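Chain by chain, the residues:
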Amino acid sequence: DAIKDYFGTEIGLYFSWLGFYTAMLLPAAIFGLIVFLYGIIKAESFPPVEDVCNKTNERLFYMCPLCDTQCAYWSLTSSCYYAIVAHAFD
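All values reported here derive from a predicted model rather than from experimental measurement.

Calculation criteria
Residues numbered from 1 in each chain as written. Predicted model: local features only at pLDDT ≥ 70, side-chain atom pairs only at ≥ 80, totals over all residues. Heavy atoms only, no water. Disulfide = S-S within 2.5 Å. Buried < 20%, exposed > 50% of the residue type's maximum accessible area, 1.4 Å probe, protein only. Patch = residues over 30% accessible without salt bridge, like charges linked within 9 Å, V, L, I, M, F, W, Y side chains within 5 Å. Areas by Shrake-Rupley, 256 points an atom, 1.4 Å probe, with all protein chains shown as cover. Salt bridge = Lys/Arg side-chain N within 4 Å of Asp/Glu carboxyl O. Helix = DSSP H or I, 4+ residues; strand = E, 2+ residues; numbered from the N terminus.

Peer 1: Looking at this structure, how should I read the state of the cysteines?
Peer 2: By definition, a disulfide is the covalent link that joins the sulfur atoms of two cysteine residues. This structure, assessed with the given rule, holds two disulfides. Cysteine 67 shares a disulfide with cysteine 71; S-S distance 1.5 Å. Because the sign of the S-S torsion sets the handedness, a value of about 100° for the bond joining cysteine 67 and cysteine 71 places this disulfide among the right-handed ones. By relative accessible area, which is 31% here, cysteine 67 ends up partly exposed. For the protein chain, the disulfide bridges join cysteines in the arrangement 1-4, 2-3, where the cysteines are counted in sequence order. Among the cysteines around cysteine 64, which has no disulfide bond, cysteine 71 carries the closest sulfur, lying 12 Å off.

Peer 1: What should I look at first to understand a nonpolar patch on the surface in this one?
Peer 2: A surface patch of nonpolar side chains, about 730 Å² in accessible area, is lined by Ile3, Tyr6, Phe7, Ile11, Tyr14, Phe15 and Leu18. Counting residues per element, the ones that place at least two in the nonpolar patch are α1 (2–7) and α2 (9–41). Broken down by element, the residue count for the nonpolar patch peaks at four residues, all from α2. On the accessibility criterion, phenylalanine 7 (52% relative accessible area) is exposed.

Following this line, the structure appears as structure tokens:
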């Protein structure tokens, strides 16, 4: 009411709507956080992540060098952490 008395009805209505909108975003944010955490927890049982992180596949999947000169081949299992993070954010 103090904002309405000082600035007028239109600005008071704006701030009232802004407070309501912000309060309604809280349940959506909590739900999104729960889904995100579930994705991180279950990432290691996701089949593509299992294939990347499986140490028995270390000698099967060698990747091409990342540069044109004097770079070594690298194992796909070295990007296990990246696969988990990519699954969580994808």
